[in-house]
Amino acid sequence: MKLKINNLFPTLIGTGSLSKFHTLNARLMKDILNIFQQDKMGQKWSKENYIGGYTSYGSISDLHFRYPSFSTFEEELKPHAEAFKKAQGWNLKDLELRMTHLWVNIMHEHTYHALHLHPHSVISGTYYVQTPPQSVPLKIEDPRMSFYMNAPLRENPTKASDKLYYEVQAKAGDFVLFESWVRHEVPPNQSKKARISLSFNYSLESED
Ligand SMILES: [Fe+2]
């Protein structure tokens, strides 16, 4: 009998772009600059935790409840997050997907984001507001990485599914969605132009 090879345990990564993102990004940029200027606590937090850059992660991480531009973003992303949720095939009972956190990241030249995951959420992701030409990508790690031990490297990993890292190109208007336990990182920004993104978390919550 011929050997049957089963390709199992997939990790879903959703990518796409928002329609008419130019108008939305212009609105977001205006608010992002204001947030940066006013958020002294976030500037202090970033100085210690996000070297060379600024993030509102440690200070204002509910931007969709505070600014109409971020609320519009949340509304526009919602159908994509719902489609991603559906693709997972989860047994949700009466739980609904809700964006719980939304924050901004400004990566100046040499700012990087080390490998991490987003605990206590189910879906996370990033949306790109401003990206330099040939911006550094988001690198998503093969979740099996820590178990490989003595596994040989693949000879010619041209297919995305054969690589140890999947690189999502960062382009204004594009977004990426992944399960929150998936580890990811951003290498140092190589450009003098800032790489500006929004990051977000979704949780499953009951309707009331
Ligand atoms: Fe992240």
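Before reading further, recall that the structure is shown in the block above.
A quick note: this is a predicted structure, and the numbers were derived from the prediction, not measured. (Residues numbered from 1 in each chain as written. Predicted model: local features only at pLDDT ≥ 70, side-chain atom pairs only at ≥ 80, totals over all residues. Heavy atoms only, no water.)

Caption draft 1: How the structure looks around the coordination of the iron ion. Within the protein, His-116 (NE2), His-118 (NE2) and His-184 (NE2) serve as the donor atoms for the iron ion, at 2.1 Å. Of note, the donors binding the iron ion are all from one chain and are spaced H-x1-H-x65-H. Here His-116, found in strand β4 (residues 113-116), pairs with His-184, found in strand β9 (residues 184-186); they are 68 residues apart in sequence, far enough to count as distant. His-184 matches His-116 in its accessibility class, with the two residues each being buried. (Donors = N, O, S within 2.8 Å, 3.2 Å for Na, K, Ca; no water. Helix = DSSP H or I, 4+ residues; strand = E, 2+ residues; numbered from the N terminus. Buried < 20%, exposed > 50% of the residue type's maximum accessible area, 1.4 Å probe, protein only.)

Caption draft 2: Representation of the sheet that holds strand β8 (residues 174-179) in the model. Here 6 strands make up an open sheet; going across it, the order is β1-β8-β5-β10-β3-β2 and the pairing antiparallel. Because the sheet does not close on itself, it has two edges, and the strands there are β1 (13-17) and β2 (54-55). Where β2 meets strand β3 (residues 95-107), 2 bridges bridge the pair, whose relative direction is antiparallel. By the bridge assignment for β3, Tyr-54 is matched with Ile-106. Sitting on the sheet, helix α3 (residues 68-88) touches β1, β3, β5 (123-130), β8 and β10 (195-206), and the angle it makes with β3 is about 125 degrees. (Pairing = 2+ DSSP bridges. Contact = heavy atoms within 4.5 Å. Axes fitted to C-alpha atoms, helices over the stretch in contact; angles between N-to-C directions.)

Caption draft 3: Region of interest: the environment of Pro-188. Summarising the element assignment, Pro-188 is placed in the loop between β9 and β10. Sequence spacing of Pro-188 and His-80 is 108 residues, and the spatial spacing of their C-alpha atoms is 28 Å. Among all residues touching Pro-188, those that are not within four sequence positions of it are His-110, Thr-111, Tyr-112 and Val-136.

Caption draft 4: Summary view of the packing of aromatic side chains. Within this structure, the stated rule accounts for 7 aromatic pairs. Aromatic side chains Phe-73 and Phe-200 sit 6.0 Å apart centroid to centroid with 50 degrees between the ring planes, which places their arrangement in the tilted category. Pair noted here: Phe-73 is in helix α3 and Phe-200 is in strand β10, with a separation of 127 residues, a long-range link. For Phe-73, a relative accessible area of 0% translates into the label buried. Residue Phe-200 is classed as buried on the basis of its relative accessible area, which comes to 0%. Here Lys-139 stacks its cationic end above the ring of Tyr-165, 4.5 Å away from the centre of that ring. (Phe/Tyr/Trp six-rings, centres within 6.5 Å; stacked < 30°, edge-to-face > 60°. Lys NZ or Arg CZ within 6 Å of the ring centre and 35° of its normal.)

Caption draft 5: Molecular detail of the pattern of salt bridges. Inspection of the entire model under this criterion finds 10 salt bridges. Among the charged side chains, a salt-bridge network with shared partners connects Lys-78, Glu-82 and Lys-85. (Salt bridge = Lys/Arg side-chain N within 4 Å of Asp/Glu carboxyl O.)

Shape is all these values report; function is a separate question.
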